[in-house]
Amino acid sequence: DAGVTQSPTHLIKTRGQQVTLRCSPKSGHDTVSWYQQALGQGPQFIFQYYEEEERQRGNFPDRFSGHQFPNYSSELNVNALLLGDSALYLCASSPRVGEVGTDTQYFGPGTRLTVL
Amino acid sequence: GESVGLHLPTLSVQEGDNSIINCAYSNSASDYFIWYKQESGKGPQFIIDIRSNMDKRQGQRVTVLLNKTVKHLSLQIAATQPGDSAVYFCAENIQNTDKLIFGTGTRLQVFP
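Conventions we followed
- Residues numbered from 1 in each chain as written.
- Chains lettered and ligands numbered in written order.
- Predicted model: local features only at pLDDT ≥ 70, side-chain atom pairs only at ≥ 80, totals over all residues.
- Heavy atoms only, no water.
- Pairing = 2+ DSSP bridges.
- Helix = DSSP H or I, 4+ residues; strand = E, 2+ residues; numbered from the N terminus.
- Phe/Tyr/Trp six-rings, centres within 6.5 Å; stacked < 30°, edge-to-face > 60°.
- Buried < 20%, exposed > 50% of the residue type's maximum accessible area, 1.4 Å probe, protein only.
- Lys NZ or Arg CZ within 6 Å of the ring centre and 35° of its normal.

Asks: Any chance you could break down the pairing of strand β10 (residues 106–111) of chain B for me, citing the residues and the numbers?
Replies: On any regular strand, side chains alternate: one points to one face of the sheet, the next to the other face. Residue and element names in this part refer to chain B. In terms of strand pairing, strand β1 (residues 10–14) meets β10 through 5 bridges, oriented parallel. Bridge assignment links Ser12 to a residue of β10, and that residue is Gln109. In this sheet, β10 lies alongside strand β8 (residues 86–94) in antiparallel orientation, the contact comprising 3 bridges. Among the inter-strand pairings, Ala86 is bridged to a residue of β10, identified as Leu108.

Here it is as C-alpha cells:
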C-alpha cells in the first residue's frame, strides 16, 4: 500500500516563473492538504482540498492555487515566484470523511523548491 | 539531505535513556493533537495522536501527555535509540477547522 507520493523531488526555478507540484494521496484517502515548510521552521498550512474543492485556506496569497482531480490527486500551483517561496512543499492526505481517524494527516516526502 | 532545522531547541540524550520533548500549544479551542517525527530530507512521519477528552495515550515506546489547563503537550520516548534522532513537531487541530498548526520543533540527538 503506497503512502502519499509527491513529484518532483526537487525543482529549481527563477523569480517570476510559475511552478506546478503534484501529489497522490494514500490509498483510501480523499482529502489533500498542502503545507509550506521553510528551512528551520514547522510546516505552514496553505490549503485543503476535498471533493475537488478548496475547503479551507491558510494565510497565503492568491499566487498559490490548487486543484484536486476525481481520483483525489492534487496539484499546487505557484505563480510569479519570489525568492521567499523557496521551501519544502508538503502534501498530506486524510481518510475519507466519516471514517475513523478522518482528521489525521499523513505526509508525503515533499518537493524541495529553490527559487533563484 | 538538507537539515530540517538549523537553530531548533535541541535535546541530547544517551542511548537507552528516556526522552521527554515538550510543546506549548496556542489555542484553547484545539481538540486534537499529533506528534510528528521528521528526519532530514523527509516529510513528517506520524508518531502518535491524542484528543482533548484524554490526558494520556500510549503507543509502542511512546507516550503522549496532554495538560489542557496550561496548554502543554509532551512526548515521552522510552529507551531512546539512535534511530530516534530527528526533529519532532507537535501539531494542533483547532475544533471545526481542517488545518494543523505546527510548533517550532525540537531536535533530538541520541549519542552512544
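Additional details are given in the paragraphs that follow.
Asks: Which residues make up the packing of aromatic side chains, and what are the values?
Replies: Each aromatic ring pair is specified by the distance between its two centres and by the angle formed by the two planes. Under the counting rule described, the total for this entry stands at 13 aromatic pairs over all chains. For the pair Tyr35(A) and Phe102(B), a centre-to-centre distance of 5.8 Å together with 80° between the ring planes defines the contact as edge-to-face. Placement of the pair is Tyr35(A) in strand β4 (residues 29–37) and Phe102(B) in strand β9 (residues 100–102), with the two residues belonging to separate chains. Note on accessibility: Tyr35(A) and Phe102(B) belong to one class, buried. Aromatic pair Phe107(A) and Phe102(B): ring centres 5.9 Å apart, planes at 75°, arrangement edge-to-face. Of this pair, Phe107(A) sits in strand β10 (residues 106–107) while Phe102(B) sits in strand β9, placing the two residues on different chains. Across the pair, Phe102(B) and Phe107(A) agree in class, each one buried. Put simply, the rings of Tyr35(A), Phe45(A), Tyr106(A), Phe107(A), Tyr36(B), Phe46(B), Phe89(B) and Phe102(B) pair up and form one aromatic cluster. It is Arg51(B) that lies over the ring of Tyr32(B); its NZ or CZ is 4.1 Å from the centre.

Asks: Please provide a residue-by-residue account of the environment of Gln60(B), values included.
Replies: Residue and element names in this part refer to chain B. Take Gln60: it is sitting in the loop between β5 (56–58) and β6 (62–67). Here Gln60 falls in the exposed class, since its relative accessible area comes to 76%. In the structure, Gln60 is positioned 49 residues away from Leu11 in sequence and 21 Å away in space, judged by C-alpha atoms.

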